[in-house]
Amino acid sequence: MQVDFYHLTMAPLDRLLPVIADRVMAGGGRLLIVSGDAEQRAALDRQLWMIPPDGFLPHAQAGEADDAAQPILIASEVQPTNGARHVALADGVWRDEALDFDRTFHFFDRDRIAEARAAWRGLADREGVERRYWKQNDQGRWEQAA
């Protein structure tokens, strides 16, 4: 399984997450977006209706529609009731349940950097876990740093 750590330094989550969600869907996958913050979940819900500008990413918040039918599901807990094999931890909080997925996207900013470092170290010796660390360069492009 692969865990991608995204250190948000320049671009906010609401600009990066729709791009990743679109790529997951383009590959035929489903995505579970997890945040313990109700306001963040509502903001992400609104953002996914507006990006990409020429369309939308089909999604819902958990419990508001038929969860199983949603290609992208926004939830407060790591429960893939939509059958997702990809999970995005949007609130910067690592959850070990994410290791049950094929791929995890762990987003964090400077307020959560210590927790992200602890998660990175904690995954170092886990068998079958491939870690990647992404950061933005001075031009705002994402580069794999580790």
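Before any of the text, the structure's been laid out above.
Description of the structure in this document.

The rules we used
Residues numbered from 1 in each chain as written. Predicted model: local features only at pLDDT ≥ 70, side-chain atom pairs only at ≥ 80, totals over all residues. Heavy atoms only, no water. Helix = DSSP H or I, 4+ residues; strand = E, 2+ residues; numbered from the N terminus. Rg over C-alpha atoms; globule rule 2.2 N^0.38 Å. Buried < 20%, exposed > 50% of the residue type's maximum accessible area, 1.4 Å probe, protein only. Areas by Shrake-Rupley, 256 points an atom, 1.4 Å probe, with all protein chains shown as cover. Lys, Arg positive; Asp, Glu negative; His and termini not counted. Charge placed at Lys NZ, Arg CZ, Asp CG, Glu CD. Contact = heavy atoms within 4.5 Å. Axes fitted to C-alpha atoms, helices over the stretch in contact; angles between N-to-C directions. Parallel < 35°, antiparallel > 145°, perpendicular 65-115°, else oblique. Left-handed = near helix turned anticlockwise from the far one by under 90°. Nonpolar A, V, L, I, M, F, W, Y, C, P; charged D, E, K, R; others polar. Core = buried A, V, L, I, M, F, W, Y, C linked by side-chain atoms within 4.5 Å.

## A look at the overall build of the chain
- For the chain, the count of helices and strands is three helices and eight strands.
- Secondary structure elements in the chain, listed N-terminal to C-terminal, are β-α-β-α-β-β-β-β-α-β-β.
- What you see for the chain is a C-alpha radius of gyration of 14 Å, in line with the 15 Å of a compact globule of 146 residues.
- With 146 residues in all, the chain has 44% of them scored as buried.
- By element, 45% of the accessible surface of the chain is carried by carbon and sulfur atoms, the whole surface being about 7,800 Å².
- Computed over 17 positive and 24 negative side-chain charges, the inter-centroid distance for the chain is 6 Å.

## A few points about the environment of Trp134
- Positionally, Trp134 belongs in strand β7 (residues 130-136).
- For Trp134 and Arg30, which are 104 residues apart along the polypeptide, the C-alpha to C-alpha distance reads 22 Å.
- Leave out the neighbours within four places in its chain, and Trp134 touches Asp4, Phe5, Tyr6, His7, Trp142, Glu143 and Gln144.

## Observations concerning the packing of helix α1 (residues 13-26) against helix α2 (residues 38-50)
- At their nearest, the axes of α1 and α2 sit 10 Å apart, and the two run at 60° to each other. What the angle tells us is that α1 and α2 run oblique. Taken as a pair, α1 and α2 cross one another with a handedness that is right-handed. Contacts from Leu13, Asp14, Leu17 and Pro18 of α1 reach α2 at Gln40, Leu44, Gln47 and Leu48.
- Here the contact of α1 with α2 is composed, by residue class, of five nonpolar, two polar and one charged.

## Looking at the nonpolar core
- Among the nonpolar cores identified, the biggest contains 20 residues, and Leu31, Ile33, Phe105 and Phe107 are the most heavily contacted of them.
- For this core, the secondary structure elements donating two or more residues are α1, β2 (31-34), α2, β4 (72-75) and β6 (103-108).
- Among the elements that line this core, the one with the most residues is α1, at six residues.
- Not counting residues within four places of it along the chain, the set of residues in contact with Ile33 comprises Leu17, Leu44, Leu48, Ile72, Leu73, Ile74, Ala75, Ala88 and Ala90.

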